[in-house]
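# A structural walkthrough
As a plain string of letters, each chain reads:
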Amino acid sequence: MSRHRFVKTLDLDDELEDFDGQQDSTDIYDPNQDPQMRKALAEARAFLGDDFANMDIQDSLWYYYYDVEKTGNERKRVTPKVHLPKHHLKLGSSGYYAIPCIPSLTAKGFFMDCPWLNVPMERRAEILVEPLYPRGGLLGGSSREPPKKSKLAALVAARKQKTQEAPSQSENSALTLLDTLTNSDDCGGATTNDKDKILRGRRYPLQRNEERTKSTYESQVQDNVSSSKPTEEVQELEPNAPVSSPSGFASTMLGLSSTLQHTPPNISSYNLFYTTGSDMGANSDPFSGASPDDIIAKAQGAAKGMKSKTQAKTNGQASKEVNTVSEDLSKTAITDSKPPRSKNLDVLQEYRKSAAKRSSNFVVIGHVDAGKSTLMGRLLYDLKVVDQRTIEKYQREAAKIGKSSFAMAWVLDQGSEEREHGITIDIAMNKFETDKTVFMILDAPGHKDFVPNMIAGAAQADFAILVIDASTGSYESGLKGQTKEHAILVRSMGVQRLIVAVNKLDMVDWSQSRYDEITQQMEAFLTSAAGFQKSNISFVPCSGLKGDNITKPSTDCKWYTGPTLLNLLEAAEPTSQERALNGPLRLPVSQVFSSSTQFPLSVAGRITSGSIQVADPVITIPGGQQGYVKGIAVDDEPSDWAVAGQNTTIHLSADIDAKLIKGGDVLCSASMPISLRQVFIMKLLAFEHIMPMFCSIVVGRLDASARITRLLSILDKSTGKVASGRGKKPRVVKPNEAARVEITVDVEGGVPIEQGARIVLRADGETIATGVVEDAK
Amino acid sequence: MRLIKQNIERDGSGQVTLYPEDPEDMWSAYNLIRPNDLLRASALRRVTTESATGSSSSHRVHTTLTIRVRSTNFDAQASTLHVSGQVAAENDFTKVGQYHTLDLELHRNFTIEKAEGWDSVSKGIVAEACNAKRGASAWAVIMSEGIANIAMFTGERTVLKQRINVPIPGKKGDGRARDRAVERFFSTILEILLRCIDIGEALPILLASPAYTASNFLKFVMDTATRTGNKQLLAQRPNFLPVHSSTGQYHSLAEVLKDPAVVSRLKDTRYARETALVDKFFELMRKDDGRAWYGPGEVEKAVDAGAVGRGGGVLLINNSLFRSLDVDVRKRWVALVDRVRDVEGGEVKVLSSEHESGKRLEGLGGIAAILTYPIFDLDEDKPEEDVQEEPAAV
């Protein structure tokens, strides 16, 4: 008999009895932590005085993992309320003071008069006028979903209940959910509490596969309950809590009122599948099933071994208790792979709290052989990021193949091909820290053929270092070549701050006149052609090979007394790029790799919008592969979350086929994927003649074949309006003109591009235009 | 293609019998056969007979059918042409009006009678198709790390045979994983290339890529051939020609065809000439001296103004315009071509829309002209006409 059938036929009350009192929720209390608990308790006592029960403090301590201060605050905040029955009741949504319910109340009976998705009109209307109040989940949640209770929170709540028998048990058993919702003034508080508890009470014995599906329903109901609680107390308690977005269910029930529409459609409904695993089941008695800790233990066991099937079977019994509604839902697809537990962090809150160092990305650009990699290798060496032994090893190896001057560059040029040819091919990323800032170096290739790779790096940069080869002849050829092209490209990618490192000055005997000549010419070029502001450009004479003016002032270069390259880096305020923390997750993948056996598939890139945390479901576009986040590293340090603007490595679950994800794809939140565009309109600034022609579009790491299909208009560069004269329907766009054109991508299915994306158009190995997507259709 | 019999009257009526020899001829036939033409070719038809007792039996018969063409369908990958239409002449097995789809076969004659008569363009196609010295074929592999496009080009067409995508892990991870992926990428290309080409033939194989990918691939191919003792592959060594391209995308083929090494290798071929002409056109566009115009309306005006004539006037036109289903549109372009060639004395180049240069022209509306003298205002006062021309441009 399938489990669904099983579930259908089971007698709920029967099952409830089976589980009564079998489990003690405290039995997994870890005795190893006892000394710690005692110590923390003592501290908390000192902090709080004697007005509080040991048990309460212990609960909170556990909850906050022995953070005495937080515990103290929470105790102080919460305790007075507990003694006031009225407040007590209204606190239900925070999940701590849920009141035991009438055992006879089952979900089936509860929803009997309430056919789903068929709610009578008069009941819907009431809720619309209620403002949406935050639910005070202490652990918060990811930024776009309602805060939820973690296992521990639930456990604390459950224990609480045991110790405090609330008096209002018998009052509201007859009320239906929707009546409850409409009567928030008088009995709403209490019933909501009851409701809350009903929903949460039966969480334990459920088996994860069911949980996932049920949780949608569950969380939706919870949403509803919480959104119908306009009590002042709650608001006061959590003045800064984020407003949760309405769930799909709530939207169905309530319609999308204007107050609810300020957030995009609910991402959380996906997240909830993974994150609120056990917050469900409609049992009136929370102690009738396994304790939450058992569930955690089980889930962990299941996640480790591949015995999820057997797990499912043993848990099958528990799943009998599923109520009739979730029964239907549980028929939806069930997969075997188990996501890790989500910590349900409110990522944005965490981000604000985290007193992390300022982090800054910079891209190193310049003509081929200007010494970009060597300069950065020297910087890393002088800062002791690379040790002496490694450098000596590189020196030996480089000397062996007759390229001894490349040893420093080998710090960044790790690829065998790169070393063999002595050039950088792909962006290398290296991290170093100063007292104030964490810097991420994006060492770009200078070779003409790898400009797309350089664009991929520039797309992630806050500011740039332009390295110029000052030696005779090289500077001049660079100016015609990639010195110019790179400078224009980084500017058009949105980089405003530029440090110009005039390198290899040791080759011209630290000639000041040469330096002055170069700085003058470059300044003229950068301010006029490339459009940098003069105040945003700084120059430094240096030698990457010798290490002059990199971290310490040069002894050979007597005439220069200004800051070293490192000083300039520290002074470089990253131009505050608007970080779209609240948008849906977008992570343009710059690299796909396998980091270890534990994480067979990882992607790296800089998040452009939104936030992500472990266990979030994600989808790759255009691959369409769905999976979840197994682990996160920010700036190569493991983390539980990441937000827009951070260099992130995401370790993905095995559901995603490594063959179907490549650089240039976009990792999105599963519920709000980026859409694919075949045809779009863009505004561009031309560097070459533009006609209807073939070209490649380069957007970050994405490099796709495309055609310019129509020239729509020439734009006036100062006003941005269609220029008079030959503005309409031009037949050719001349260099240095702005125009609006239509691009058709020659990729089946289109490419992931959104409005506002910065695009570089290239043809025949040259950049012909840069621009911004105006309208994608 | 061999011309077996030609029998064209002064007024353009008459028949031509052709004998296709290689798959490329099917492309010529596709450009030649238009709806409403009469086509006579051998066919395999299933005939159902009913006996006196009512039982029916069916068998296949080889017969020659004459059909009035309704539509044509060209399979570019397989180079096969299917022509469907209604039977126009009764024989033992078919009645007039019955439908039949002829699959034109190599080494079997077919006879065409044009519905609107033989015009200069169709006669030109026949002459071109029967010219034995049409350009030789070549292969090209355009690649960059992780992507490769295998293309074949013949006298008339460039056909993308296969697109290969192998994900190559980034620099960040394990270096060996990357090397392994590159090797897998190369072996995939080689495997597919060997499946495409006839290894006994000595056709040039252009290997184009940015930086070192192509030369690395060539090294890989030779290493593999040596290791496996593949003598045929080793013998192909002189045919491989590594060249530079700025991307690994298919449209970089234009760049490859401009490479001096490639030009000298393929200089007699038609596509090399066409590519040069289209390049010249784009060059003039860049100069913006009023001598290069594109788009149907502009070009017709330029011809009206007598600017596409003797002394350097060139009309570039895609053969896709002659394949229009609308007879009037077809006639319009044929008339323009005749006029430029015969009346004005200019040069006319009919580009193959399946060819790289033709594809570039396609973006310009399929028609362009290089004028003998500059005209600057051809595009004025015609916004409403532009709207009509739009579909042709796309």
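The following paragraphs examine the structure supplied in this document. Being a predicted model, the structure only gives us computed values, none of them experimental. (Residues numbered from 1 in each chain as written. Chains lettered and ligands numbered in written order. Predicted model: local features only at pLDDT ≥ 70, side-chain atom pairs only at ≥ 80, totals over all residues. Heavy atoms only, no water.)

## Brief notes about the overall build of chain B
Counting its secondary structure elements, chain B contains twelve helices and 16 strands. The burial tally for chain B puts 52% of its 394 residues in the buried class. The long-range share in chain B, meaning contacts at least 24 apart out of those at least 6 apart in sequence, stands at 67%. (Helix = DSSP H or I, 4+ residues; strand = E, 2+ residues; numbered from the N terminus. Buried < 20%, exposed > 50% of the residue type's maximum accessible area, 1.4 Å probe, protein only. Contact = heavy atoms within 4.5 Å.)

## Notes on the sheet that holds strand 10 (residues 158–165) of chain B
Residue and element names in this part refer to chain B. An order of 10-9-8-11-12 is seen for the five strands of this open sheet, with the pairing classed as mixed. Each edge of the sheet is formed by a strand with only one pairing partner; in this case those strands are strand 10 and strand 12 (240–244). Across the sheet, the axes of successive neighbouring strands diverge by a mean angle of 20°, strand direction being ignored. Packing of helix 4 (residues 213–228) onto the sheet brings it into contact with strand 8 (138–144), strand 11 (205–209) and strand 12, and relative to strand 11 it is tilted by some 135°. (Pairing = 2+ DSSP bridges. Axes fitted to C-alpha atoms, helices over the stretch in contact; angles between N-to-C directions.)

## Examining the nonpolar core
The biggest cluster of nonpolar side chains holds 74 residues, and the ones touching the most others in it are Phe362, Met376, Leu526 and Leu569 of chain A. Ranked by residues supplied to this core, first place goes to strand 4 (residues 463–469) of chain A with six residues. Discounting chain neighbours no more than four positions away, the residues touching leucine 526 of chain A are Leu466, Ala487, Leu498, Val500, Gly531, Phe532 and Ile537 of chain A. Membership of the second largest hydrophobic core comes to 49 residues, among which are Ala41, Val83, Val334 and Val340 of chain B. (Core = buried A, V, L, I, M, F, W, Y, C linked by side-chain atoms within 4.5 Å.)

## Considering helix 26 (residues 512–528) of chain A
Residues and elements named next belong to chain A. Helix length check: helix 26, at 17 residues, gives a terminal C-alpha distance of 24 Å against a target of 24 Å (1.5 Å per residue), a fit within 8%. Within helix 26 the residues assigned to the buried category are Arg514, Tyr515, Ile518, Thr519, Met522, Phe525 and Leu526. Viewed end-on, helix 26 has its buried residues packed into an arc of 140°, placing them on one side of the element. Every exposed residue of helix 26 that faces more than 90 degrees away from the buried side is listed here: Ser513, Gln520 and Ser528. (Expected span 1.5 Å × (residues − 1). Arc of directions from axis to C-beta.)

## Thoughts on the interface of chain B and chain A
Each partner contributes to the interface: chain B provides 35 residues, whereas chain A provides 43 residues. When chain B packs against chain A, close to 3400 Å² is buried across both sides, 53% of that on carbon and sulfur atoms. Seen at the junction of chain B and chain A, the total is one salt bridge. For lysine 258 of chain B, the salt bridge is made with aspartate 764 of chain A, and the minimal N-O distance between the two is 3.2 Å. (Buried area = accessible area lost by both parts, 1.4 Å probe. Salt bridge = Lys/Arg side-chain N within 4 Å of Asp/Glu carboxyl O.)

## Side note on the sheet that holds strand 16 (residues 367–370) of chain B
Residue and element names in this part refer to chain B. What the four strands build is an open sheet, ordered 13-16-14-15; its pairing is mixed. At either end of the open sheet lies a strand with only one pairing partner, and these are strand 13 (292–294) and strand 15 (347–351). Here the strands of the sheet are splayed against their neighbours by 15° on average, with no regard to which way each runs. Along the sheet, helix 10 (residues 327–344) contacts strand 14 (314–318), strand 15 and strand 16; its crossing angle with strand 14, the most-contacted strand, is approximately 155°.

## Things to note about the packing of aromatic side chains
Following the criterion strictly, the structure yields 16 aromatic pairs over all chains and no others. By the ring-pair criterion, three or more aromatic residues cluster together here, those being Phe362, Phe432, Phe439 and Phe463 of chain A. Of note, arginine 491 of chain A hangs over the ring of phenylalanine 532 of chain A, and the distance from its end group to the ring centre comes to 5.7 Å. The side chain of arginine 731 of chain A reaches across the aromatic face of tryptophan 293 of chain B, ending 3.4 Å from its centre. (Phe/Tyr/Trp six-rings, centres within 6.5 Å; stacked < 30°, edge-to-face > 60°. Lys NZ or Arg CZ within 6 Å of the ring centre and 35° of its normal.)

## A closer look at the packing of helix 1 (residues 23–32) of chain B against helix 2 (residues 120–130) of chain B
All names here are of chain B. Packing of helix 1 against helix 2 leaves a shortest axis separation of 10 Å and a crossing angle of 170°. Regarding the angle of helix 1 to helix 2, the classification is roughly antiparallel. Residues Asp25, Ser28, Asn31 and Leu32 of helix 1 form the contact with helix 2, whose own contacting residues are Ser122, Ile125, Val126 and Ala129. Looking at the contact of helix 1 with helix 2 residue by residue, the class counts come to four nonpolar, three polar and one charged. (Parallel < 35°, antiparallel > 145°, perpendicular 65-115°, else oblique. Nonpolar A, V, L, I, M, F, W, Y, C, P; charged D, E, K, R; others polar.)

## What about the environment of histidine 107 of chain B?
All names here are of chain B. Along the polypeptide, histidine 107 turns up in the loop between strand 6 (99–103) and strand 7 (110–113). Among the residues examined, histidine 107 registers a relative accessible area of 46% and is labelled partly exposed. Ignoring sequence-local partners within four residues, the contact set of histidine 107 consists of Tyr19, Pro20 and Glu21.

## Here we look at helix 10 of chain B
Residues separated by three or four positions in an α-helix point in the same direction, a consequence of the helix having 3.6 residues per turn. Residues and elements named next belong to chain B. An ideal rise of 1.5 Å per residue puts 26 Å on 18 residues; helix 10 measures up with 24 Å between its terminal C-alpha atoms. Along helix 10, the positions that sit buried rather than exposed are Arg330, Trp333, Val334, Leu336, Val337, Val340 and Glu344. Directly beyond the C-terminal end of helix 10, a positive phi value near 85° is found at glycine 345.

## Points about the side chain of threonine 564 of chain A
Residues and elements named next belong to chain A. Among the structural elements, threonine 564 can be located in the loop between strand 6 (537–541) and helix 27 (565–571). In terms of polar contacts, threonine 564 uses its side chain to reach the side chain of asparagine 567, at 2.9 Å. Setting aside chain neighbours within four positions, we find threonine 564 in contact with Val540, Asn549, Ile550, Thr551, Lys552 and Pro553. (Polar contact = N/O pair within 3.5 Å; in protein donor to acceptor, adjacent residues only side chain to side chain.)

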